[in-house]
Amino acid sequence: MLRVVDLSQASDAPDVASPPGVIVAHGSLTNEFWLNAATFTLTDKPYSDRRVITVHSVPEVLAEVTQRCQRWPQASAMCDDVLRVVDPAGATLAGVVTESLAYSTLQAGPEFARWLENRGPGVVPGTTDAVLVQRDQDILRIRFNRPHRHNAFTTDVRSALLEALIVAQLDPSVRGIVLSGNGPSFCSGGDLAEFGTFADPVSAHFARTRHSPALVLDELAASLGGACRAEVHGQVLGSGLEMAAFCGRVVAHPESVFGLPELSLGLIPGAGGTVSITRRIGRWRTAYLILSGRTIDAETALAWGLVDAMSTAGG
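Described below are features of the structure shown in this document. (Residues numbered from 1 in each chain as written. Predicted model: local features only at pLDDT ≥ 70, side-chain atom pairs only at ≥ 80, totals over all residues. Heavy atoms only, no water.)

**Points about unusual backbone geometry**
- Residues other than glycine seldom take positive phi values, yet Gln-137 does so here, at roughly 55 degrees.
- Of note, Gln-137 is situated in the loop between β5 (131-136) and β6 (139-144).
- What makes Gln-137 exposed here is its relative accessible area of 70%.
- Although it is not a glycine, Asn-151 adopts a positive phi angle of roughly 55 degrees.
- Mapped onto the secondary structure, Asn-151 falls in the loop between β6 and α6 (155-170). (Helix = DSSP H or I, 4+ residues; strand = E, 2+ residues; numbered from the N terminus. Buried < 20%, exposed > 50% of the residue type's maximum accessible area, 1.4 Å probe, protein only.)

Laid out in structure tokens, this is it:
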């Protein structure tokens, strides 16, 4: 279900269905009811409200979002449902579990099955030392090390990252963590060659929630604050962006590009992003990134609060 609301003609309307589905609003920005109720609101004028996204052409983006919601209606509706029910100020585990259950539901659905069929068999190239860990006095430096794949995330990468984070969690002498990536990108998201390789969606759900780097990163950021830092550059997409957002501080190279491309697979973010990214930029702008499929540059990410500072050098 997709509803497009022209705010210049809309009145306060208590008859919004529950769950409401995707609502894209545009026009006058004085209607508080629809600004709150909408999945997000579009404008072509500068506007700092996190419920609103400023774009170059409202009709162009409306057409793109409409097309995407019609192509992936189940994933679009699931995205809206999850973002409305996850409380970014609440317990991280509750949000991650909610997100993962929705993700697994979509993994068992026809939209993801269609993507898998179009992709064909996937083979993940093996990588030795996919994550490099170095102790620098009281700082633990963790670097993704699949530069030939833009550090695309795999099960092996997740296991190695989780192991390094648990070491930091258990060692009180670790006073800081720096998460970064070798090569042209920080992390381009999940390796598409590995998608669909779990035996069933239930096993995939347990893997995401029982072996989650996001949950450990969240705990470390709570204790270390800005000393738990992500240094990002190049492509910062999908699970890469989701994990970086859990860090207490995110520093981005000026040429970094940020996005959440999961909808085009018939999925939603599944590495905790509906919690971590929503905490930083609100559910409205998170929904825009997912449903539009568009990327944003580092300057926009800084203005939104998705990153905390700019660096002067890449990874």
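Once you've had a look at it, read on.
**Let's talk about the nonpolar core**
- Phe-40, Leu-42, Ile-142, Phe-144, Val-232, Phe-258 and Tyr-288 are the most contacted members of the largest nonpolar core, which totals 79 residues.
- The element best represented in this core is helix α10 (residues 273-292), accounting for nine residues.
- The residues that make up this core include at least three from each of domain 1 (3-71) and domain 2 (92-263 + 297-310).
- With 10 residues, the next largest nonpolar core counts Val-5, Leu-7, Trp-34 and Ala-38 among its residues. (Core = buried A, V, L, I, M, F, W, Y, C linked by side-chain atoms within 4.5 Å. Domains from an automatic or database assignment.)

**Regarding the sheet that holds strand β7 (residues 176-181)**
- Strand order in the open sheet formed by six strands is β5-β6-β7-β8-β10-β13, and the pairing between neighbours is mixed. Looking at the sheet topology across the chains shown, the edges are occupied by β5 and β13 (309-310).
- Judged from the four bridges that link them, strand β8 (residues 228-232) and strand β10 (residues 249-252) form a sheet pairing that is parallel. Bridge pairing in β10 links Val-232 to Ala-252.
- Against the sheet, α6 touches β5, β6 and β7, its axis set at about 175 degrees to β6. (Pairing = 2+ DSSP bridges. Contact = heavy atoms within 4.5 Å. Axes fitted to C-alpha atoms, helices over the stretch in contact; angles between N-to-C directions.)

**Quick notes on the packing of aromatic side chains**
- Applying the stated criterion to the full structure yields seven aromatic pairs.
- Note on Phe-33 and Trp-34: the rings are 5.1 Å apart at their centroids and 90 degrees apart in plane angle, and the pair reads as edge-to-face.
- Exposure remark for Trp-34: the relative accessible area of 2% places this residue in the buried category.
- Aromatic pair Phe-40 and Tyr-288: ring centres 5.6 Å apart, planes at 85 degrees, arrangement edge-to-face. Placement of the pair is Phe-40 in strand β3 (residues 40-43) and Tyr-288 in helix α10, with a sequence separation of 248 residues.
- We classify Phe-40 as buried; its relative accessible area is 0%.
- Assessed through its relative accessible area of 5%, Tyr-288 is described here as buried.
- In this structure an aromatic cluster arises from ring pairing among Phe-40, Tyr-288 and Trp-304. (Phe/Tyr/Trp six-rings, centres within 6.5 Å; stacked < 30°, edge-to-face > 60°.)

**Overview of helix α2 (residues 58-71)**
- Look at α2: 20 Å from first C-alpha to last across 14 residues, which is about the 20 Å you get at 1.5 Å a residue.
- Residues Val-58, Val-61, Leu-62, Val-65, Arg-68 and Cys-69 constitute the buried set of α2. Taken around the axis of α2, the buried residues stretch over an arc of 135 degrees, which confines them to a single face. Across from the buried face of α2, at angles greater than 90 degrees, the exposed residues are Pro-59, Gln-67 and Gln-70.
- The elements touched by buried residues of α2 are β1 (2-6), β2 (22-26), β3, α3 (73-85) and α10. (Expected span 1.5 Å × (residues − 1). Arc of directions from axis to C-beta.)

**Some thoughts on the pairing of β6**
- Burial of β6 is one-sided: the residues Leu-140, Ile-142 and Phe-144 facing one way are buried, the residues Ile-139, Arg-141 and Arg-143 facing the other way are not.
- Looking at chain direction, β5 and β6 are connected through six bridges and run antiparallel. In the strand pairing of β6, Asp-136 is matched with Ile-139.
- Connecting β5 to the next strand, β6, in antiparallel fashion are two residues, including Gln-137 with a positive phi near 55 degrees.
- Direction of pairing for β6 relative to β7: parallel, over a ladder of six bridges. Bridge pairing links Phe-144 to Gly-181 in β7.
- Remark: the β6/α6/β7 crossover connection has right-handed handedness. (Right-handed = clockwise from strand over helix to strand, strands pointing away.)

**Details of α6**
- When the terminal C-alpha atoms of α6 are compared, their 22 Å separation across 16 residues agrees well with the 22 Å that a helix rising 1.5 Å per residue should span.
- Those residues of α6 not exposed but buried are Val-157, Arg-158, Leu-161, Leu-162, Ala-164, Leu-165 and Ala-168. Along the axis of α6, the buried positions cluster into a sector of 165 degrees, meaning they face one direction only. Turned more than 90 degrees from where α6 packs its buried face, Asp-156, Glu-163 and Leu-170 sit exposed.
- Residues of α6 that are buried make contact with β5, β6, β7, α7 (201-210), α8 (213-224) and α9 (238-246).

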